[in-house]
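Okay, here's what each chain looks like letter by letter:
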Amino acid sequence: MFSDLIVDNFTSPTHAGEIDAPVLVLENKDPVCGDQIRIGLAVENGQITSARFRAWGCATSMATANILCKWLEGRGVQDCAEASAEEISALLGQLSPEQRHCQHIAQNLVRQLAAQEAWP
Amino acid sequence: MTDNLSDLQTGLGLIKMANGAVSKLFQLPPEDLAALQFEMIKRSFRYHFDNNEFYQDVARCADFTPDQLNTEADLLRLPLIPVSAYKGADSHRLLTVPLTEVEHEMRSTGTSGVPSVARRCRDTVDGGVLSVFGMYREFLGISKGAGLYLCPSTEEIPEMGMIKALNMLAGLLDTHRFMVRNEQMVPEDAVAQLRDWDSFTRHIIGPPFLIHRFISYLKATNTRIQLDPGSQIITLGGWKRFTGAMISRVEFNQECREWLGVEPRNIRDIYALVESNIVAIEDEHGIKHVTPTARISVRDPENLGQEVPMGKPGQLAIYDPTNFTVPGFLLTEDIVTLEPRREGDPRAGQRMKYLMRAPTSSEFGCCAVNLEKKMDSEPA
């Protein structure tokens with residue numbers, strides 16, 4: 001049921017926590033199961049310098065939050081905003097049908113970057 | 001001695017076997033059942049202590065190790081996990097088995113909207129399935145008929161504990177239908193479905209607020225339905241509404257009799273929580289019996305290390321040895337009373353009455369309240 005990628009990111013999260021005064025906050029909740037991810041971002045000169053998450057829900061949701069933070073950190077906001085839904089889904093590896101709601105949560109979170117009109 | 005026999009005598013095999021013997025356990029002399037439960041809890045505590053670093057730390061901090069669990073009185077010292085820990089981002093620490101062995105995640109979502117996620121490995125799912133079906137057979141005795149489910153389907157809300165538990169009953173019925181779709185229930189359809197099932201004993205199954213809502217429709221339209229002699233109304237999910245108002249059980253029973261033709265002895269409420277394999281189901285006298293594979297303890301909310309006397313309200317603690325995935329020793333946020341054995345009651349084991357959520361709880365409801373909140377927010 002759980003791939004090594006999900007197991008590692010769920011049991012040893014590297015990016016759990018909060019950022020003081022985040023420049024951007026990405027937040028999404030699955031309306032059916034209630035899983036919820038909030039990611040705070042520190043941004044300088046268009047680069048994401050730090051990403052930290054709080055997540056509530058299944059193991060795959062929590063792992064998704066950590067995977068996404070790792071991917072965001074060090075990248076340009078513009079680059080992340082332009083990532084396709086397929087690219088975001090691929091970050092999570094192969095998921096069972098019961099876990100695929102996490103792809104949508106991840107895609108919705110990244111889509112919020114594209115909706116930002118400006119960032120520092 | 002074979003490994004299997006040794007596992008029964010000294011290992012976890014005893015617990016696995018007990019899960020499949022619910023009715024037999026109820027027939028034991030009370031002191032024998034208590035001794036068996038204590039032995040299972042003892043083995044379970046040692047198993048989690050030996051295999052769960054987090055729990056071992058908790059136990060060591062409480063200065064309590066498996067060698068110190070020798071008498072019933074020692075159970076009060078058993079470290080309990082608050083159910084709020086299941087919502088935490090670090091809930092992976094609760095696992096006694098690797099995540100790769102987790103087969104199922106079940107949720108409950110209350111008024112805060114933050115899901116509580118309970119993980120179960122194969123052995124824990126096996127135990128839960130056996131004991132829940134054992135309890136259904138013991139108290140509901142259903143093996144046929146039609147079930148009108150006044151709730152959404154598991155297809156619509158997968159992994160929601162309340163629906164999952166009620167859906168297990170469907171396998172014992174000949175036919176069933178879920179009457180809530182897209183968070184809406186059309187009572188006219190429910191009436192038509194009941195009338196259409198004229199060759200089945202009809203049962204109504206769902207959370208109290210939805211059955212209450214259905215009866216309100218029957219009253220408003222002056223529609224009386226006479227269900228069948230063996231019909232049951234089976235409820236799960238709490239009696240407090242999203243508005244905070246309580247549904248009166250006495251009035252509910254009267255209305256079920258008047259509008260559905262079902263006698264109070266055939267109205268059976270179930271207490272359950274996703275974090276545990278135990279359920280408590282009402283007998284024909286409205287007394288809730290706890291699954292005999294587990295033990296409950298009612299604690300003084302002002303001093304959680306003390307139990308309150310029989311009949312006095314307190315905070316529910318559960319010792320569930322059938323959980324092999326995480327330690328099944330829980331401190332819930334529910335206020336209950338432990339009830340005495342009624343004269344003539346043939347069953348051993350414990351009885352409880354659910355009263356309310358603890359005032360200190362961050363949630364005042366679970367799946368049912370959250371469902372009602374969603375349904376009421378939908379445009380008609």
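Reading the values: rules and limits
Residues numbered from 1 in each chain as written. Chains lettered and ligands numbered in written order. Predicted model: local features only at pLDDT ≥ 70, side-chain atom pairs only at ≥ 80, totals over all residues. Helix = DSSP H or I, 4+ residues; strand = E, 2+ residues; numbered from the N terminus. Rg over C-alpha atoms; globule rule 2.2 N^0.38 Å. Buried ≥ 20, exposed ≤ 12 C-beta atoms within 10 Å, placed from the backbone. Contact = placed C-beta atoms within 7 Å. Nonpolar A, V, L, I, M, F, W, Y, C, P; charged D, E, K, R; others polar. Expected span 1.5 Å × (residues − 1). Axes fitted to C-alpha atoms, helices over the stretch in contact; angles between N-to-C directions. Parallel < 35°, antiparallel > 145°, perpendicular 65-115°, else oblique. Left-handed = near helix turned anticlockwise from the far one by under 90°. Core = buried A, V, L, I, M, F, W, Y, C linked by C-beta atoms within 7 Å. Domains from an automatic or database assignment. Pairing = 2+ DSSP bridges.

(A) Summary view of the overall build of chain B. What chain B contains, in helices and strands, is 11 helices and 16 strands. Against the globule reference of 21 Å for 380 residues, chain B gives a C-alpha radius of gyration of 21 Å, in line with a compact fold. Projected onto the principal axes, the alpha-carbon positions of chain B cover approximately 65 × 45 × 40 Å. In chain B, which comprises 380 residues, the share counted as buried stands at 46%. Here the contacts in chain B between residues at least 6 apart in sequence split such that 70% fall between residues at least 24 apart.

(B) Region of interest: the interface of chain B and chain A. Counting residues at the interface gives 17 residues for chain B, matched by 19 residues for chain A. Among the elements of the structure, β2 (102–109) and β3 (115–121) of chain B are those that each provide at least two residues to the side of chain B that touches chain A. Per-element tally for the side of chain B that touches chain A: the top contributor is β2 of chain B, with 5 residues. For the side of chain B that touches chain A, the residue count by class is 8 nonpolar, 4 polar and 5 charged.

(C) Just helix α5 (residues 101–115) of chain A, in detail. All names here are of chain A. Taking 1.5 Å of rise per residue, the 15 residues of α5 would be expected to cover 21 Å, and the 21 Å separating its terminal C-alpha atoms lies within 8% of that figure. Buried within α5 are the following residues: H101, C102, I105, A106, L109, V110 and L113. Buried residues belonging to α5 abut β1 (24–29), β2 (36–44), α2 (59–72), α3 (77–81) and α4 (85–91).

(D) Main features of the packing of helix α9 (residues 208–220) of chain B against helix α10 (residues 249–260) of chain B. Residue and element names in this part refer to chain B. Viewed as axis vectors pointing N to C, α9 and α10 meet at an angle of 45°, and their least axial separation amounts to 11 Å. Our classification of the angle between α9 and α10 gives oblique. Where α9 crosses over α10, the handedness of that crossing is left-handed. The residues of α10 that touch α9, namely those facing P208, H212, I215, L218 and K219, are F252, E255 and W259.

(E) The packing of α2 of chain A against α5 of chain A, seen in detail. Residues and elements named next belong to chain A. Remark: α2 packs on α5, axes separated minimally by 10 Å, with the N-to-C direction vectors making an angle of 35°. The interaxial crossing formed by α2 with α5 has right-handed handedness. Contacts between α2 and α5 involve T60, S61, T64 and L68 from the former and C102, I105, A106 and L109 from the latter. Of the residues contributing to the contact of α2 with α5, the split by class is 5 nonpolar, 3 polar and no charged.

(F) Representation of the nonpolar core in the model. The biggest cluster of nonpolar side chains holds 122 residues, and the ones touching the most others in it are I39 of chain A together with L148, L150, L166 and V279 of chain B. In terms of residue count, α2 of chain A provides more of this core than any other element does, 8 residues in total. Two domains each donate at least three residues to this core, and these are domain 1 (3–101 + 287–357) and domain 2 (130–272 + 366–377) of chain B. Excluding residues within four positions of it along the chain, I39 of chain A makes contact with L26, A51, F53, A65, L68, C69 and L109 of chain A.

(G) How the structure looks around the domain arrangement of chain B. Residue and element names in this part refer to chain B. Per the domain assignment, the segments of chain B are domain 1 (3–101 + 287–357) and domain 2 (130–272 + 366–377). Taking only C-alpha atoms, the centre of domain 1 and the centre of domain 2 are 29 Å apart. The partner domain 2 presents 7 residues to the 11 residues of domain 1 that form the contact. For the side of domain 1 that touches domain 2, the leading source of residues is helix α3 (residues 22–27), giving 3 residues.

(H) Summary view of the pairing of β2 of chain A. Residues and elements named next belong to chain A. The pairing of β1 with β2 spans 6 bridges and is antiparallel. Its bridge partner being in β2, L24 is matched across the sheet by L41. The antiparallel pairing of β1 with β2 creates a hairpin that spans 6 residues between the two strands, and G34 there sits at a positive phi of about 90°. Linking β2 to strand β3 (residues 47–56), which pair antiparallel, is a turn of 2 residues; within it N45 sits at a positive phi near 50°.

(I) Up close: the sheet that holds β2 of chain A. Residues and elements named next belong to chain A. The strand order β1-β2-β3 describes an open sheet built from 3 strands, whose pairing is antiparallel. Looking at the sheet topology across the chains shown, the edges are occupied by β1 and β3. Between one strand axis and the next, the sheet turns by 15° as a mean value, whatever way the strands run. Contacts between α2 and the sheet are confined to β2 and β3, with β3 contributing the most and set at about 175° to the helix.

(J) Local environment of unusual backbone geometry. Residue and element names in this part refer to chain B. A positive phi angle, near 50°, is found at N182, a position not held by glycine. In this fold, N182 is placed in the loop between β5 (175–181) and β6 (184–185). Unusually for a residue other than glycine, E183 sits at a positive phi of about 60°. Relative to the elements of secondary structure, E183 occurs in the loop between β5 and β6. Overall, E183 belongs to the partly exposed group, with 16 C-beta atoms counted inside 10 Å.

(K) Expanded view of the pairing of strand β15 (residues 329–339) of chain B. Residues and elements named next belong to chain B. For β15, the tally of buried residues reaches 8 of 11 residues, placing the bulk of the element in the interior. The sheet contact formed by strand β1 (residues 81–82) and β15 spans 2 bridges and is parallel. Looking across to β15, one finds that P82 is bridged to L331. As paired elements, strand β14 (residues 314–319) and β15 share 5 bridges and run antiparallel to each other. In the strand pairing of β15, Q315 is matched with I335. The sheet contact formed by β15 and strand β16 (residues 351–357) spans 6 bridges and is antiparallel. Note that in β16 the partner of D334 across the bridge is R357.

(L) Up close: the environment of L78 of chain B. Residues and elements named next belong to chain B. On the secondary structure map, L78 appears in the loop between α5 (53–61) and β1. By C-beta crowding, L78 is classed as buried, having 20 other C-beta atoms within 10 Å. L78 has contacts with F45, F64, L69, Y319 and F329, leaving out every residue within four places of it along the chain.

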